[in-house]
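Summary of the model geometry
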Amino acid sequence: MDNRDYRPRGDIPEQIRSAVKDAIDSMDFGQLNQAIGDTVNTALDKVKQMKPQVRPKPLEIRVNKRGMVSGILFTVFGSIGSVGFSVLTLILAIVVAVPLQSFAGWWAVGTLGSIAACFYVMLFLGIRNNLRIGRLKEYIKELKVYGKGYCELERLEKSSSRSLSYIRKDLRKMLKLGMLPDARMDDQETCLLLNEETYQQYRLTVDSLRERQKEEQQRQTAQKELKKEQGKSPVEASIARGREYIETLDRLRESIGDVEMTGKLVRLDAVLEQLFTALKKQPKQLDELDQFMEYYLPTTVKLVTSYQEFAAVEFPGDNIKRAKKEIRQTLDTINGAFEKLLDDFYQDKTFDVLSDASVLQSMLAREGLTASEFRQDED
């Protein structure tokens, strides 16, 4: 392969294609890497030149200078009217009312004074609106200097001679009047959010924070419960888990309002409580009860939850009626299973009692003291 100079010239893709073609034709790939390497810097420069220069978008703040026109008009007419009618009132009082001491003169003075008072109120409202517009312009100026979609109220406090509480109250009023249509304050009223995009980001952040706090609270609660569980004996822990299921079923039962279903759930509660009592006396049965509860109680909760939803339907169709009937039948089966387990718990004890009774009867028979013998003696 000829020792060619592959420094970037002209079209870079063409240079690379040419270098590759030459390498393939000559089967000499020694300078191909150099040829491609020589084009890299130039290619990067061209890409940078082609890439548009991203300039920061100037902050746009939509402003509604509500009250500006009325402020000017109220100030102008309020000034003219208040001064004019104040002078007329004073002249009338000096010329007519005071010298003549007539009712009509004082009535005229009172009327002119009332009109002057109305113009003073108009002047006050105009000045208030003008001052609010002036403060709005100051806030906008500072917000644009800051150049972000949000601004802490403390920053506005530092840039003005007003207190933080005054600025918070002032902005609250401006937002209520719609003078900053796109802006809102955060939940704590410590920051001004200037557009919808910023507000949505804030809401996502707050919601995410609350979710993390909720998860942390749940984790801490779970740890506390775990510590409590670890401090309990296996029997106590098993009974506690069973009672949690009972509490859930009781809450569902209260909202169902179905007499038949309520009776079945009350029956299940009673059987479980008897099982817990038996378990305390016979802790060796723990594994049996734990297994049974894990088999049937979660399923029972799901079934009763579905039944509650079906029971809330005002006009149930055939499918809902059939489903409710099947759930009731299934609950009967579950109750029967727990009752059978309770019977098994007492199986050994009943066997012992029957054995003792049989032995006693045998002993009495040998001594001629059976019930039949008693009856013969009585005869």
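Let me sum up the structure you'll find in this document. Computed from a prediction, not measured in an experiment: that's the story for all the values here.

Calculation rules
Residues numbered from 1 in each chain as written. Predicted model: local features only at pLDDT ≥ 70, side-chain atom pairs only at ≥ 80, totals over all residues. Heavy atoms only, no water. Helix = DSSP H or I, 4+ residues; strand = E, 2+ residues; numbered from the N terminus. Expected span 1.5 Å × (residues − 1). Buried < 20%, exposed > 50% of the residue type's maximum accessible area, 1.4 Å probe, protein only. Salt bridge = Lys/Arg side-chain N within 4 Å of Asp/Glu carboxyl O. Patch = residues over 30% accessible without salt bridge, like charges linked within 9 Å, V, L, I, M, F, W, Y side chains within 5 Å. Areas by Shrake-Rupley, 256 points an atom, 1.4 Å probe, with all protein chains shown as cover. Core = buried A, V, L, I, M, F, W, Y, C linked by side-chain atoms within 4.5 Å. Phe/Tyr/Trp six-rings, centres within 6.5 Å; stacked < 30°, edge-to-face > 60°. Lys NZ or Arg CZ within 6 Å of the ring centre and 35° of its normal. Pairing = 2+ DSSP bridges. Contact = heavy atoms within 4.5 Å.

1. Looking at helix 8 (residues 234-256)
In an α-helix, one turn spans 3.6 residues; hence positions three or four apart end up facing the same way. Look at helix 8: 34 Å from first C-alpha to last across 23 residues, which is about the 33 Å you get at 1.5 Å a residue. All buried positions along helix 8 are accounted for by V235, A237, S238, I239, A240, G242, I246, L249, L252, R253 and I256. One or two residues past the end of helix 8 sits G257, with phi positive at roughly 70°.

2. Remarks on the pattern of salt bridges
Pairing is possible between side chains of opposite charge, provided their charged atoms come close. Tallied over the full model, the rule gives 18 salt bridges. The salt bridge involving E142 is made with R155; its shortest N-O contact spans 3.1 Å. In this pair, E142 sits in helix 4 (residues 103-146) while R155 sits in helix 5 (residues 153-159), placing the two residues 13 residues apart along the sequence. Note that E196 is salt-bridged to R184, the shortest N-O span being 2.9 Å. With E196 in helix 7 (residues 196-231) and R184 in strand 2 (residues 184-185), this pair connects stretches of sequence that are 12 residues apart.

3. Describing a nonpolar patch on the surface
Among the surface-exposed residues, M68, V69, I72, L73, F74, V76, F77 and I80 lie close enough to one another that they form a single nonpolar patch of about 710 Å² accessible area. Considering the arrangement of structural elements, one finds V76 in helix 3 (residues 68-100). Looking at V76, the relative accessible area reads 39%, which means it is partly exposed.

4. Observations regarding the nonpolar core
Within the largest apolar cluster, 29 residues are counted, with the highest numbers of intra-cluster contacts made by M261, L272, L275, L289 and F338. Elements represented by at least two residues in this core include exactly helix 8, helix 9 (259-281), helix 10 (286-311) and helix 11 (318-345). Per element, the largest residue contribution to this core is nine residues, and it comes from helix 9. Formed by 20 residues, the second largest nonpolar core is a distinct cluster that contains L59, Y139, C151 and I167.

5. So, the packing of aromatic side chains
What the rule picks out here adds up to seven aromatic pairs. For the ring pair F292 and F338, a centre distance of 5.6 Å and an interplane angle of 75° mean the geometry is edge-to-face. Taken together, the positions of F292 in helix 10 and F338 in helix 11 put the pair 46 residues apart, joining distant regions of the chain. A relative accessible area of 0% means that F338 is categorised as buried. Here the aromatic residues F292, Y295, Y296 and F338 are joined through ring pairs into a cluster of three or more. Sitting over the ring of Y199, R184 keeps its end group 3.9 Å from the ring centre.

6. A short note on the sheet that holds strand 2
Where strands meet in a sheet, backbone hydrogen bonds hold them as pairs that are either parallel or antiparallel. The strand order across the open sheet formed by three strands is 1-3-2, and the pairing between neighbours is antiparallel. The open sheet terminates on both sides in strands that have one partner only, identified here as strand 1 (150-152) and strand 2. Bridge count for strand 1 against strand 3 (residues 191-193) is three bridges, and the pairing is antiparallel. Paired with C151 across the bridge in strand 3 is L192.

7. A word on the side chain of D290
Mapped onto the secondary structure, D290 falls in helix 10. Other than its neighbours up to four places away in sequence, D290 contacts S238 and R241.

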